[in-house]
Amino acid sequence: MSETGEPAGWTHVYSGKVRDLFVPTKLMTDDDSWTGDPLATSPVVLVVASDRVSAYDHLLEPAIPGKGALLTSLTHWWFDQLPEVPNHLAHPLDDRLEALELPEVPAEVADRATLCRTLDMFPIECVVRGYLTGGGYKEYVETGAIGGIPLPEGLANGDRLPEPIYTPAWKAPLGEHDENITYERTVELVGDVVAEQLRALSLEIFARASEIAETRGVILADTKFEFGADRATGIVTLADEVLTSDSSRYWDAAAFASAATPELRMASFDKQIVRDWLSANWDQEVSETPPTLPHEIVEQTAARYRELLERLEHPTAG
């Protein structure tokens, strides 16, 4: 459910685990019998990032203070670094939107809100991996490949890959789990032209973002992008949160080079602290409901989110 309520001039249409979506109220139909998708008809959507936190497919309590604002700020910062990549931000001077006289973004959610053009989204999570870790490492150990892409023998957890690889996933319908797929399967889902555009754009953005992160003493190990087609032009457009702590795995470069253990080398700027605590303190066979997060875990997680934003925006920090 939305923790935001309905800001003046906006109607709540959807809540995910950590974000709430609103469309302009005046663009909604007055016909109570209408059962269509407001996102399919509205040219814009207000995306409000909450402070909610999820892990292992469960929403957790309490929320992480300031998380929504931090991730929103980070996404906007990355859009600024990637001006050559079309994105879904709705600009006030866009002549397609001027005539709509959109309501103001409410002050109470402004620091965690993004006004976006609605797109026809592709059902693909565009995952790019520069390092071998996480689920990719497990798949490599079992098969010697990730997503059907063969990798050299003898790689260890945390090793840098010879070159970044594109390992897409299919975005499953609500309530189902996403599924890792091959590139050939993406061609079947979206066609060969779009499939190639998604792969090329993902690798290009990852390479540029990695360069920027490295100048800040941060390693971008992997990330996922989502794209949609602009409804007016058909142009493949970058959407959703981009290169945030929730969609990416970042490591401290100095720690990666010198730390004594894999855990310290690959300590990420995200909610891994939460996952580790849950793994040690929640027996899912005993209880389906996750335990309440301790105050110190919440504070440590919030500090990690803040540190990444400070490191990227202010290269001398840290």
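Thresholds applied
Residues numbered from 1 in each chain as written. Predicted model: local features only at pLDDT ≥ 70, side-chain atom pairs only at ≥ 80, totals over all residues. Heavy atoms only, no water. Helix = DSSP H or I, 4+ residues; strand = E, 2+ residues; numbered from the N terminus. Rg over C-alpha atoms; globule rule 2.2 N^0.38 Å. Buried < 20%, exposed > 50% of the residue type's maximum accessible area, 1.4 Å probe, protein only. Salt bridge = Lys/Arg side-chain N within 4 Å of Asp/Glu carboxyl O. Expected span 1.5 Å × (residues − 1). Phe/Tyr/Trp six-rings, centres within 6.5 Å; stacked < 30°, edge-to-face > 60°. Polar contact = N/O pair within 3.5 Å; in protein donor to acceptor, adjacent residues only side chain to side chain. Contact = heavy atoms within 4.5 Å. Disulfide = S-S within 2.5 Å. Pairing = 2+ DSSP bridges. Core = buried A, V, L, I, M, F, W, Y, C linked by side-chain atoms within 4.5 Å. Axes fitted to C-alpha atoms, helices over the stretch in contact; angles between N-to-C directions. Parallel < 35°, antiparallel > 145°, perpendicular 65-115°, else oblique. Nonpolar A, V, L, I, M, F, W, Y, C, P; charged D, E, K, R; others polar.

**With respect to the overall build of the chain**
Line of reasoning, step 1. From N to C terminus, the chain includes 10 helices and 16 strands.
Line of reasoning, step 2. For the chain, the C-alpha radius of gyration of 20 Å lies close to 20 Å, the compact-globule estimate for 318 residues.
Line of reasoning, step 3. Oriented by its inertia axes, the alpha-carbon framework of the chain measures out at about 60 × 50 × 45 Å.
Line of reasoning, step 4. Across the 318 residues of the chain, 45% fall into the buried class.

**A word on the pattern of salt bridges**
Line of reasoning, step 1. Enumeration over the complete set of coordinates arrives at 18 salt bridges.
Line of reasoning, step 2. Of the charged contacts, one joins Glu 214 and Arg 160 as a salt bridge, the two residues approaching to 3.5 Å between their closest N and O atoms. In this pair, Glu 214 is assigned in helix 6 (residues 192–215) and Arg 160 in strand 11 (residues 160–166), connecting sequence segments 54 residues apart.
Line of reasoning, step 3. For Arg 160, a relative accessible area of 52% corresponds to the exposed category.
Line of reasoning, step 4. Notably, a salt bridge pairs Arg 185 with Glu 188, separated by 2.9 Å at the nearest N-O pair. A residue pair is termed a helical-turn pair when its members lie 3 or 4 positions apart in one helix, as Arg 185 and Glu 188 do in helix 5 (residues 183–190) at 3 residues.
Line of reasoning, step 5. With relative accessibility at 35%, the residue Arg 185 sits in the partly exposed group.
Line of reasoning, step 6. Note on Glu 188: relative accessible area 58%, which makes it exposed.

**Remarks on helix 6**
Line of reasoning, step 1. Helix length check: helix 6 (24 residues) gives 35 Å between terminal C-alpha atoms against 34 Å at 1.5 Å per residue, within 8%.
Line of reasoning, step 2. For helix 6, the full list of buried residues reads Val 194, Ala 195, Leu 198, Leu 201, Ser 202, Ile 205, Phe 206, Ala 209, Ser 210, Ile 212 and Ala 213.
Line of reasoning, step 3. Looking one or two residues past helix 6, Gly 217 carries a phi angle of roughly 75°, positive in sign.

**A word on the packing of aromatic side chains**
Line of reasoning, step 1. By the definition in use, this model includes 5 aromatic pairs.
Line of reasoning, step 2. An angle of 75° between the planes, with centres 4.8 Å apart, marks the rings of Trp 77 and Trp 78 as edge-to-face. Side by side, Trp 77 and Trp 78 carry an identical accessibility label, which is buried.
Line of reasoning, step 3. Ring geometry for Phe 225 and Phe 227: centres 6.3 Å apart, planes at 55°, overall tilted.

**Notes on the side chain of Ser 268**
Line of reasoning, step 1. Inspection of the secondary structure assignment puts Ser 268 in the loop between helix 8 (262–265) and helix 9 (272–281).
Line of reasoning, step 2. Only 2.7 Å separates the side chain of Ser 268 from the side chain of Asp 270, close enough to count as a polar contact.
Line of reasoning, step 3. In contact with Ser 268, other than residues within four places in its own chain, are Arg 249, Tyr 250, Trp 251 and Arg 304.

**Describing the state of the cysteines**
By definition, a disulfide is the covalent link that joins the sulfur atoms of two cysteine residues.
Line of reasoning, step 1. Inspection of the entire model under this criterion finds 0 disulfides.
Line of reasoning, step 2. Unpaired in terms of disulfides, Cys 126 finds its nearest cysteine sulfur in Cys 116, a separation of 17 Å.

**Considerations on the pairing of strand 3 (residues 44–49)**
Line of reasoning, step 1. In terms of burial, strand 3 is a largely internal element, 6 of the 6 residues being buried.
Line of reasoning, step 2. Here strand 3 pairs with strand 6 (residues 113–117) via 5 bridges, running antiparallel. Across the sheet, the residue bridging to Val 48 is Ala 113, located in strand 6.

**What about the nonpolar core?**
As a rule of thumb, nonpolar side chains are buried together in soluble globular proteins.
Line of reasoning, step 1. Core analysis: the largest hydrophobic core is formed by 53 residues, its most contacted members being Trp 78, Leu 198, Phe 225, Phe 227, Leu 243 and Tyr 250.
Line of reasoning, step 2. In this structure Phe 225 touches Ile 124, Glu 125, Cys 126, Val 128, Ser 202, Ile 205, Phe 206, Leu 238, Val 242 and Leu 243, once residues within four positions along its chain are discounted.
Line of reasoning, step 3. Counting 10 residues, the second largest nonpolar core, distinct from the first, contains Leu 46, Val 48, Leu 97 and Leu 115.

**Observations regarding the sheet that holds strand 6**
Line of reasoning, step 1. Strands sit in the order 1-2-3-6 across an open sheet of 4 strands; the sheet is antiparallel. On the outer flanks of this sheet lie strand 1 (10–15) and strand 6, each paired with one strand and no other. In this sheet, neighbouring strand axes are inclined to one another by 30° on average, regardless of whether the strands run parallel or antiparallel.
Line of reasoning, step 2. One ladder, built from 5 bridges, connects strand 1 with strand 2 (residues 19–24); its direction is antiparallel. If you follow His 12 over to strand 2, its bridge partner there is Phe 22.
Line of reasoning, step 3. Along the sheet face, helix 2 (residues 67–81) touches strand 3 and strand 6 and points at about 45° away from the line of strand 6.

**Side note on unusual backbone geometry**
Line of reasoning, step 1. Looking along the chain, the bond that leaves Glu 61 and enters Pro 62 is cis, with omega of -5°.
Line of reasoning, step 2. Relative to the assigned elements, Pro 62 resides in the loop between strand 5 (58–60) and helix 2.
Line of reasoning, step 3. For Asp 240, which is not glycine, the phi torsion reads 65° and is therefore positive.
Line of reasoning, step 4. Relative to the assigned elements, Asp 240 resides in the loop between strand 15 (236–239) and strand 16 (248–252).

**Focus on the packing of helix 9 against helix 10 (residues 295–313)**
Line of reasoning, step 1. Their axes nearest at 8 Å, the elements helix 9 and helix 10 cross at an angle of 150°. Classified by the angle between their axes, helix 9 and helix 10 sit roughly antiparallel to one another. Note on element contacts: helix 10 touches helix 9 through Ile 297, Gln 300, Thr 301 and Arg 304, opposite Ile 273, Val 274 and Trp 277.
Line of reasoning, step 2. In terms of residue class, the contact of helix 9 with helix 10 is made up of 4 nonpolar, 2 polar and 1 charged.

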